[in-house]
Amino acid sequence: MLAVLSPGQGSQKPGFLTPWLDLPDAAARLRSWSELAGVDLLHLGTEADADEIKDTARTQPLLVAAALLAAEHLPMQDVGLVAGHSVGELGAAALAGVLPAEAAVTLAGARGREMAAACALEPTGMAAVLGGDPDEVLAALESHGLHPANRNGAGQIVAAGAVAGLEKLAAEPPARTRVIMLKVAGAFHTPYMAPAEAALAEVAAGITPADPARILLSNLDGTAVEDGGELVQRLVRQVTAPVRWDLCMRTMADLGVTGVIELPPAGTLAGLVKRELKGPGAPEIVTLNTPDDLPAARDLIARHSA
């Protein structure tokens, strides 16, 4: 079985969309989606610097648009499973047929704007906790009033909450761990994002989803969601709920995924899969970053499609 993965915030790189503009209709597609997202996707993907594209309001629609743009050049009808990390779930939902591409980009624009606004309400942030015993890490987070915003597997839990709590965690890390402060605007996937969840729910209420045409995994608990309406509810709830990418990877292993393609900007999710799903039967992985990677991606689909 072949899985196509859509990356989340933090994977973007300056100029990463530039080579894709050589493909037919790519620029026109990005201009159209820019109107829906409320940001200039062409500028952000080609000319903007690192500081500009780390802005939550800009980054989120940019990542969804990039994934959908690249996927248009793949035989998605032969793909058995899709999943996305955080905002990447919107891209995955479109690739599964739950949302039209236009609705996914519109939701990503609203999600980014509202989460950025929620971040501005009080000083919060995130930190990656690498290594250690997971139960001890979670206990340390709770003692500092922090939330496990992302459980990414491969020995990585992302803590989120008040800046003061994160500073205490960094000063007193759990045994055998390394704490790395992340350059993000605030505490994503925690109750601090409640205003953004409420605002996104209003936008999502105007969308009529379809049921998935292929297996679509949810960040909420790693399960395959079969009802389009339920998936949209989960997408809204995910703004304040932890990302359980560890459970998504566990489901991929249980379902016997043998091949993985990560859409651009690729590398982060492929790395997590490589570290978590290793040994005999480990999936073959292709990172799709430029059109030059399309032949390898199409070959992987041909060899691993159900």
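Everything quoted here is computed from the prediction, not taken from an experiment.

This part is about the overall build of the protein. Regarding its fold elements, the protein presents 13 helices and nine strands. Whereas a compact globule of 306 residues would reach a radius of gyration of roughly 19 Å, the protein reaches 18 Å, a difference of no more than 12%. When the backbone C-alpha atoms are referred to their principal axes, the protein occupies close to 50 × 45 × 35 Å. Looking at the protein residue by residue over its 306 residues, the buried ones come to 54%. Considering only intrachain contacts with a sequence separation of at least 6, the fraction spanning at least 24 residues in the protein is 75%. As displayed, the protein has an accessible area near 12400 Å², and 51% of this comes from carbon and sulfur atoms.

What follows is about the sheet that holds strand β1 (residues 2-6). The sheet built from five strands is open, its strands ordered β7-β2-β1-β8-β9 with parallel pairing. Where the open sheet ends on each side, the last strands, each with one partner, are β7 (215-216) and β9 (284-287). Of the pairings in the sheet, the one linking β1 to strand β2 (residues 81-84) comprises four bridges and is parallel in character. Paired with Ala3 across the bridge in β2 is Leu81.

Attention shifts here to the pattern of salt bridges. Here the structure, examined in full by the defined rule, presents nine salt bridges. Here Asp51 and Lys54 are joined by a salt bridge, their closest N and O atoms 3.7 Å apart. The exposure class assigned to Asp51 is exposed, which follows from its relative accessible area of 54%. The salt bridge partner of Glu230 is Arg234, with a shortest N-O separation of 3.0 Å. With Glu230 and Arg234 both in helix α10 (residues 228-237), this residue pair falls four residues apart, about one helical turn. The exposure class assigned to Glu230 is partly exposed, which follows from its relative accessible area of 33%. Accessibility expressed as a relative area gives 13% for Arg234, which makes it buried.

Turning our attention to the pairing of strand β8 (residues 259-262). Along β8, one buried face is formed by Gly259 and Ile261 and the opposite face, lined by Val260 and Glu262, is buried too. As judged from the four bridges shared by β8 and β9, these two strands associate in the parallel manner. Bridging across to β9, Glu262 finds its partner in Thr287.

This paragraph deals with the UniProt feature "domain: Malonyl-CoA:ACP transacylase (MAT)" (unreviewed entry) in the protein. Per the UniProt annotation, the sites labelled "domain: Malonyl-CoA:ACP transacylase (MAT)" (unreviewed entry) are residues 5-293. Span residues 5-293 is 43% helix and 15% strand, its end C-alpha atoms 15 Å apart.

The next subject is the side chain of His85. Position of His85 among the secondary structure elements: in the loop between β2 and α5 (88-95). Accessibility expressed as a relative area gives 10% for His85, which makes it buried. Leave out the neighbours within four places in its chain, and His85 touches Ser6, Pro7, Gly8, Asn150, Asn152, Asn219, Val243, Trp245 and Leu269.

Taking strand neighbours across the sheet as the criterion, the four strands line up as β4-β5-β3-β6 in an open arrangement whose pairing is antiparallel. Across the chains shown, the open sheet's two edge strands, defined by having one partner strand only, are β4 (147-153) and β6 (177-181). The average angle at which neighbouring strand axes cross in this sheet is 25 degrees, direction not considered. Relative to strand β5 (residues 156-162), strand β3 (residues 124-131) runs antiparallel, the two sharing seven bridges. Pairing of Ala127 across the sheet is with Ala159, part of β5. Along the sheet, helix α8 (residues 163-171) contacts β3, β5 and β6; its crossing angle with β5, the most-contacted strand, is approximately 135 degrees.

Here is what the cut-offs are and how they apply
Residues numbered from 1 in each chain as written. Predicted model: local features only at pLDDT ≥ 70, side-chain atom pairs only at ≥ 80, totals over all residues. Heavy atoms only, no water. Helix = DSSP H or I, 4+ residues; strand = E, 2+ residues; numbered from the N terminus. Rg over C-alpha atoms; globule rule 2.2 N^0.38 Å. Buried < 20%, exposed > 50% of the residue type's maximum accessible area, 1.4 Å probe, protein only. Contact = heavy atoms within 4.5 Å. Areas by Shrake-Rupley, 256 points an atom, 1.4 Å probe, with all protein chains shown as cover. Pairing = 2+ DSSP bridges. Salt bridge = Lys/Arg side-chain N within 4 Å of Asp/Glu carboxyl O. UniProt positions renumbered as here; feature names shortened; annotations may be inferred. Axes fitted to C-alpha atoms, helices over the stretch in contact; angles between N-to-C directions.

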